[in-house]
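Architecture and fold: a report
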Amino acid sequence: MHKVLIIGAGGVGNVVAHKCAMVPEVFGEITLASRTLSKCEAIAAEVKQRTGRDIATARVDADDSAQTAELIRKTGASLVINVALPYQDLTIMDACLEAGCDYLDTANYEPKDVAKFEYSWQWEYQDRFKSAGRSALLGSGFDPGVTNVFTSWALKHHFDEIHTLDIIDVNGGDHGHAFATNFNPEINIREVTAECRHWEDGRFVETPPMSEHRGFDCPDGVGSYEIYRMYHEELESLTKHIPTIKRAQFWMSFSPAYLTHLEVLGNVGMTRIDEVEYQGQKIVPLQFLKAVLPNPGDLGERTKGRTCIGNIITGLRDGQPKAVYVYNICDHEKCFEEVGSQAISYTTGVPAMIGAKQMLEGAWRKDGVWNMEQHDPDPFMADLNAHGLPWTCIELTPEQAAAFQVVP
Ligand code: NDP
């Protein structure tokens, strides 16, 4: 039985707290901490009601690593599950080293003042984690996270060499608002307004945001959606760790209404991340926008429909061309019934719990800093089926693969 500290009491923190509480044989004592104590207490009350388990709560400013280290020591946690914001990744990693604790997150570090996210800052911690005998797992959400494991699992069981990877993230859900983001609006908008990058023959190629798109038919009646190519952080680690990949792309579905709102907000300056002076006060327009948009954590109650996230992978097996599609479909309303959250938070929080479980049980615990695809995919894939995110793998014929295959 282990002690864990979850940092961040947003939509994802809610799911992680519930799912850890549902596996008491691994997660013996759970503390949930965030900047706002009342949010932790509200989640703890729901966890108690749904699972009968008590979880402890605490207030912490995770931008302050000394304060965070003190809380880690006080709780006796052997693992921190960081589901605060990407801005806190490094201070929490520092706190883990200081207090002697393992680390897990779901999104890579991003400085507050530049919309640039990459692994370099966290990969730099490799030697420090190794020599301290501590383990860090980066990106244990759905994408990044499950999509990395889908890729390494396909490589282990279906391919000798992977040549192309298309990660397709469709949210077929409808929350009934004119405009809302499914997770933290500031992080979400920074991500979708960034330049697109995809991997092509050994290097990243840059194209304007949202400039490449096409229709995609999801399996099992989820529907047909327009998907847009964009940069996503797992492309960086997957192309580094699986060097046979010739082309890797990430695609996400957006509704026409979402894109129109985003365009207008961008045109009028509301997505800016630099400070502007307003009535003697400095404000960051994107942070102000977050304050007036619906809270993603409140969308669960009104969201209907399903998500469909998966990888189309092609390559060689025994010298022959082969293609597979590995995917998960998740129902927004069922997630809400189970843990009081919509499927976006659910599909992030469940893999965070499963990654934590692999680390605590030892299967994924090695000293240093690791991405998901660097561990054995099998126990993680088995746990996805056992804990609410069942997956399907279908083999595609060369003709189907060609039809599925996204050619820029
Ligand atoms: P929310 O904005 O809903 O929640 C973030 C939480 O972090 C809030 O409770 C906030 O506290 C807390 N927080 C922020 N700053 C601090 C700080 N300095 N100290 C302590 N707590 C802090 O975000 P989500 O739950 O939607 O997302 C959480 C993370 O999951 C993000 O990093 C996001 O990028 C990632 N994510 C990953 C996905 C994946 O598939 N890999 C998909 C979706 C999200 P308070 O409310 O008290 O201010």
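Residues numbered from 1 in each chain as written. Predicted model: local features only at pLDDT ≥ 70, side-chain atom pairs only at ≥ 80, totals over all residues. Heavy atoms only, no water.

**A word on the packing of aromatic side chains**
What counts, and what does not: Only centres within 6.5 Å qualify two rings of Phe, Tyr or Trp (six-membered ring in Trp) as a pair; their planes then separate them into stacked at under 30 degrees, edge-to-face at over 60, and tilted for everything else. Under the scheme applied here, a residue whose accessible area is under 20% of the maximum for its type counts as buried, over 50% as exposed, and between as partly exposed, the area being computed with a 1.4 Å probe on protein chains only. We call a charge positioned over a ring when the NZ of a Lys or the CZ of an Arg lies within 6 Å of the ring centre and within 35 degrees of the ring normal.
A full pass over the atoms with the stated rule returns 13 aromatic pairs. Aromatic pair W199 and F204: ring centres 4.9 Å apart, planes at 75°, arrangement edge-to-face. Taking the relative accessible area as the measure of exposure, W199 reaches 15% and is therefore buried. For F204, a relative accessible area of 23% translates into the label partly exposed. Positioned above the aromatic ring of W370, the side-chain terminus of K366 is 4.2 Å from the ring centre.

**Comments concerning the packing of helix α7 (residues 146-157) against helix α14 (residues 377-386)**
How two helices sit against one another is set out by the angle between their axes and by the gap between those axes. Quick reminder of the rule: Each axis is a line fitted through C-alpha atoms, taken for helices only over the stretch in contact, and angles between the N-to-C directions span 0 to 180 degrees. Think of it this way: any DSSP run of H or I at least four residues long counts as a helix, any run of E at least two long counts as a strand, and we number them from the N terminus. Here the angle decides the label: under 35 degrees means roughly parallel, over 145 means roughly antiparallel, 65 to 115 means roughly perpendicular, and every other value means oblique. Here is the rule for handedness: rotate from the far helix to the near one, and if that takes an anticlockwise turn smaller than a right angle the crossing is left-handed, while a clockwise turn gives right-handed. Note on definitions: a residue-residue contact is assigned when non-hydrogen atoms from the two residues lie within 4.5 Å. Just so you know the grouping, Ala, Val, Leu, Ile, Met, Phe, Trp, Tyr, Cys and Pro go in nonpolar, Asp, Glu, Lys and Arg go in charged, and all remaining residues, Gly too, go in polar.
It is the contact of α7 with α14, at a shortest axis distance of 9 Å, that shows an interaxial angle of 120°. On the basis of their axis angle, the class for α7 and α14 is oblique. The hand of the α7/α14 crossing is left-handed. Across the interface between the two elements, V146, V149, F150, S152, W153, K156 and H157 from α7 touch P377, D378, F380, M381 and L384 from α14. Residues of the contact of α7 with α14, tallied by class, amount to eight nonpolar, two polar and two charged.

**Observations regarding the pairing of strand β2 (residues 27-34)**
Spelled out, the test is: What makes two strands pair is DSSP finding at least two bridges between them. Place the viewer so that the strands point away; then a crossover is right-handed whenever the path from the first strand over the helix to the second strand goes clockwise.
Extensive coverage of β2 is indicated by the burial of seven of its eight residues. With six bridges connecting them, strand β1 (residues 2-7) and β2 associate as parallel partners. Pairing of V4 across the sheet is with I30, part of β2. You can see the chain leave β1, run along helix α1 (residues 11-21) and come back into β2, and the turn it takes is right-handed. Relative to strand β3 (residues 56-59), β2 is paired through four bridges, and the arrangement is parallel. Each residue of the ladder has a partner; that of S34, found in β3, is R59.

**Concerning the side chain of Q88**
Looking at the secondary structure, you find Q88 in the loop between β4 (79-82) and α4 (89-99). Not counting chain neighbours up to four residues away, the residues in contact with Q88 comprise A62, D63, N82 and K112.

**Structural notes on the site of the ligand**
Operational definition: Nearness here has a simple test: a residue counts as near a molecule or strand if at least one of its heavy atoms is within 4 Å of that partner. Think of a polar contact as two N or O atoms within 3.5 Å of one another; within protein, one of them needs to be a possible hydrogen donor and the other a possible acceptor, and neighboring residues in sequence only count if both atoms come from side chains. Surface accessibility in these figures is a Shrake-Rupley result with a 1.4 Å probe; residues are shielded only by whichever protein chains are displayed. Here the limits of each domain have been adopted from an automatic or database domain assignment.
Inspection of the region around the ligand gives 28 residues, with R35, T36, K39, A62 and N184 positioned closest. Contact distances for the ligand include 3.2 Å between an oxygen atom and a backbone N or O atom of G11. A distance of 3.0 Å separates an oxygen atom of the ligand from a polar atom in the backbone of A84. Compared with its free state, where it exposes 930 Å², the ligand has 93% of that area covered by protein. A per-class count over the shell around the ligand returns 13 nonpolar, 10 polar and five charged. Two domains each put at least three residues into the shell around the ligand: domain 1 (2-138) and domain 2 (146-341 + 388-402).

**A closer look at the UniProt feature "domain: Saccharopine dehydrogenase-like C-terminal" (unreviewed entry) in the protein chain**
Just so we agree on the cut-off: UniProt positions are given in the numbering used here, feature names are shortened, and annotations may be inferred rather than shown by experiment.
In the numbering adopted here, UniProt assigns the feature "domain: Saccharopine dehydrogenase-like C-terminal" (unreviewed entry) to residues 141-389. Across residues 141-389, helical content stands at 34% and strand content at 31%; the span's end C-alpha atoms are separated by 12 Å.

**Quick notes on the pattern of salt bridges**
Stated formally: Salt bridges, as used here, are contacts in which a Lys or Arg side-chain nitrogen is within 4 Å of a carboxyl oxygen on Asp or Glu.
With the rule as written, the count across this model stands at 18 salt bridges. For R365, the salt bridge identified is with D367, shortest N-O distance 3.3 Å. Here R365 falls in the partly exposed class, since its relative accessible area comes to 30%. Since its relative accessible area comes to 33%, D367 is described here as partly exposed.

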